[in-house]
Amino acid sequence: MRSKDKISYFYDGDVGNVYFGPNHPMKPHRLCMTHHLILAYGLHSKMEVYRPHKAYPIEMAQFHSPDYVEFLQRINPENKDLFPNDMARYNLGEDCPVFEDMFEFCQIYAGATIDAARRLNNKLCDIAINWAGGLHHAKKCDASGFCYINDLVLGILELLKHHPRVLYIDIDVHHGDGVEEAFYFTDRVMTVSFHKFGDKFFPGTGDVKEIGEREGKFYAINVPLRDGIDDISFNRLFRAIISKVVEMYQPGAIVLQCGADSLARDRLGCFNLSIDGHAECVKFVKKFNIPLLVTGGGGYTKENVARCWTVETGILLDTELPNEIPDNDYIKYFAPDFSLKIPGGHIENLNTKSYISSIKAQILDNLRYIQH
Ligand code: V1P
Ligand code: CA
Ligand code: ZN
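Positions within a chain are numbered from 1, following the residues in the order the chain's sequence is written. For naming, the first written chain is A and the first written ligand is 1, with later ones following in the order written. Per-residue local features are limited, in this predicted model, to residues with pLDDT of at least 70; the limit for side-chain atom pairs, both in listing and counting, is 80 or more; totals at the level of whole chains, interfaces and linings are taken over all residues. Where side-chain values are given, they derive from all heavy atoms of the structure, hydrogens and water being excluded.

(A) Focus on the overall build of the protein. When helices and strands are tallied, the protein shows 11 helices and eight strands. Principal-axis analysis of the C-alpha atoms places the extent of the protein at approximately 55 × 50 × 45 Å. Scored against the burial criterion, the 372 residues of the protein give a buried share of 60%. Summed over all atoms, the accessible surface of the protein reaches about 15000 Å², with 51% contributed by carbon and sulfur. The charge count includes Lys and Arg as positive and Asp and Glu as negative, but it does not include His or the ends of the chains. In plain terms, the charge of a residue is placed at NZ if it is Lys, CZ if Arg, CG if Asp and CD if Glu. Taken together, the 40 basic and 49 acidic charged side chains of the protein have centroids lying 5 Å from each other. Numbering of helices and strands runs from the N terminus, with a helix taken as a DSSP run of H or I at least four residues long and a strand as a DSSP run of E at least two residues long. The buried label applies to any residue whose accessible area, calculated with a 1.4 Å probe on protein chains only, is under 20% of its type's maximum; exposed applies above 50%, and partly exposed to all values in between. A 1.4 Å probe and the Shrake-Rupley method give the accessible areas. Residues count as covered only by the protein chains that appear here.

(B) Looking closely at the coordination of the calcium ion (ligand 2). Distances decide who is a donor: an N, O or S atom must be within 2.8 Å of the metal, or within 3.2 Å for Na, K and Ca. Water is not included, so sites may look incomplete. Protein-derived coordination of the calcium ion (ligand 2) comes from Asp 170 (O), Asp 170 (OD), Asp 172 (O), His 174 (O), Ser 193 (OG) and Phe 194 (O), at a distance range of 2.5 to 3.1 Å. Site shape is set this way: if four donors have all angles between 85 and 135 degrees, tetrahedral; if opposite donors are over 155 degrees apart and all others between 65 and 115, square planar for four donors and octahedral for six; otherwise irregular. Here the calcium ion (ligand 2) is ringed by six donor atoms whose angles at the metal span 68 to 167°, and the overall shape comes out irregular. Along the chain, the residues that donate to the calcium ion (ligand 2) are spaced as D-x1-D-x1-H-x18-S-F. One end of the pair, His 174, is in the loop between β4 (166-170) and α7 (177-182); the other, Phe 194, is in strand β5 (residues 189-196), and 20 residues separate them in sequence.

(C) The arrangement of the coordination of the zinc ion (ligand 3) in detail. Taken together, the protein ligands of the zinc ion (ligand 3) are Asp 172 (OD), His 174 (ND1) and Asp 261 (OD), with distances of 1.9 to 2.1 Å. Considered as a linear motif, the donors of the zinc ion (ligand 3) on their single chain read D-x1-H-x86-D. Here the residue Asp 172 occupies a position in the loop between β4 and α7, and Asp 261 occupies one in the loop between β7 (253-257) and α9 (275-286), the gap between them amounting to 89 residues.

(D) Here's a closer look at the sheet that holds strand β3 (residues 127-130). Across the sheet, eight strands lie side by side as β2-β1-β3-β8-β7-β4-β5-β6; this open sheet has parallel pairing. At either margin of the open sheet sits one strand with a lone partner, and together these are β2 (48-50) and β6 (220-225). On average, each strand axis in the sheet is inclined to that of its neighbour by 15°, with strand direction left out of account. For two strands to pair, DSSP has to find at least two bridges joining them. When β7 meets strand β8 (residues 292-295), the two strands line up parallel, connected through four bridges. If you follow Ile 254 over to β8, its bridge partner there is Leu 292. A fitted line through C-alpha atoms represents every axis, and for helices the fit uses only the stretch in contact; the resulting angles, taken between N-to-C directions, go from 0 to 180 degrees.

(E) Looking closely at the environment of Gly 296. Note on placement: Gly 296 falls in the loop between β8 and α10 (302-316). On the basis of relative accessibility, which here comes to 0%, the residue Gly 296 falls in the buried class. In the structure, Gly 296 is positioned 150 residues away from Phe 146 in sequence and 13 Å away in space, judged by C-alpha atoms. Residue contacts are counted whenever heavy atoms from the two residues lie within 4.5 Å of one another. Setting aside chain neighbours within four positions, we find Gly 296 in contact with Asn 130, Trp 131, Gly 133, Gly 134, Gln 257, Cys 258, Gly 259 and Trp 309.

(F) Structural view of the environment of Ile 275. Mapping Ile 275 onto the fold places it in helix α9. Measuring from C-alpha to C-alpha, the distance between Ile 275 and Ala 361 comes to 27 Å, with 86 residues separating the pair along the chain.

This is how it looks when you write it as structure tokens:
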């Protein structure tokens, strides 16, 4: 192992204070819980902690259409009923509600991913972390699946200013469709998403046969999984695919979306991953020693999201964390066991050996066509 990596960590205390509304599964408060757990473990003293800038509309418009960005800036809970057509046109409503300070929330999480990419570009750090980012469904002119501004696309566009090729890896239980779509026709970004696919699971895309088009053919990889995948099969598949991708594609930078809804017992997810299984992906990607931008994403069982991203911060810092959670402002959420790690789940694993072998074979076969 080389000497310890230099880590930049981005957090704004205002990001966790917004509310998507009653019954909405997305709880930004999980970001506050994560940050306080990171502090309770003393991890802040081992990395550079920054308050990110708030992304400017002009920065958002590097990917999004200016009219969409302007609408997000203008709309609020008081005036939204005056614009029913635009609300529908931009897919705002139930999944992506208009709430108080929504635009500022977008500015914070997007600003943090952009800052993270810039610090990596300027070689000011080896790894940059933004747990508030990872909102992978947002499209050029549309909100989608709790995502308004696609910070990942903005971060990748920034990395492309310094790197000929960027690799995007997504372990959220949902398909990273917004990032895939943004780079579907180019070989300068390779996107790899692991996700649940089938039974009309949101967003419905991400079949193994979706591989990119034109210049981008073979530069989008989809790993469609069934319910109940466990640590052993997930980690084996992840290692096999990612090691081949890195060998063949030789990326200059990697963006890793660590959605925590792929954990067991997630409110929306359906996998059996333990925190160790999820974090193993982070450990594996870190070992390549390639500039790395790490984000959050989904994650709907709040206390497990905070546990997972704290463990992963520890891994990125090469720091072992005691399993007993130290006292912190949110300690009550970690009752009754107050332990950091959570075990895998027990829902039936519908990913048969033959199913996994078949998707793995198709993916590795497609990788033969790329050479850098
Ligand atoms: O299933 C749908 C839409 C609503 N139908 C018309 C189809 N939406 C999902 C969205 C999941 C978004 C995941 C985001 C991420 O990948 C990244 C941050 O994790 C959805 C679900 C669900 N169970 O899949 N929306 C809601 N639940 C929902 C429930 C209550 C209130 C509002 C939204
Ligand atoms: Ca995914
Ligand atoms: Zn998700």
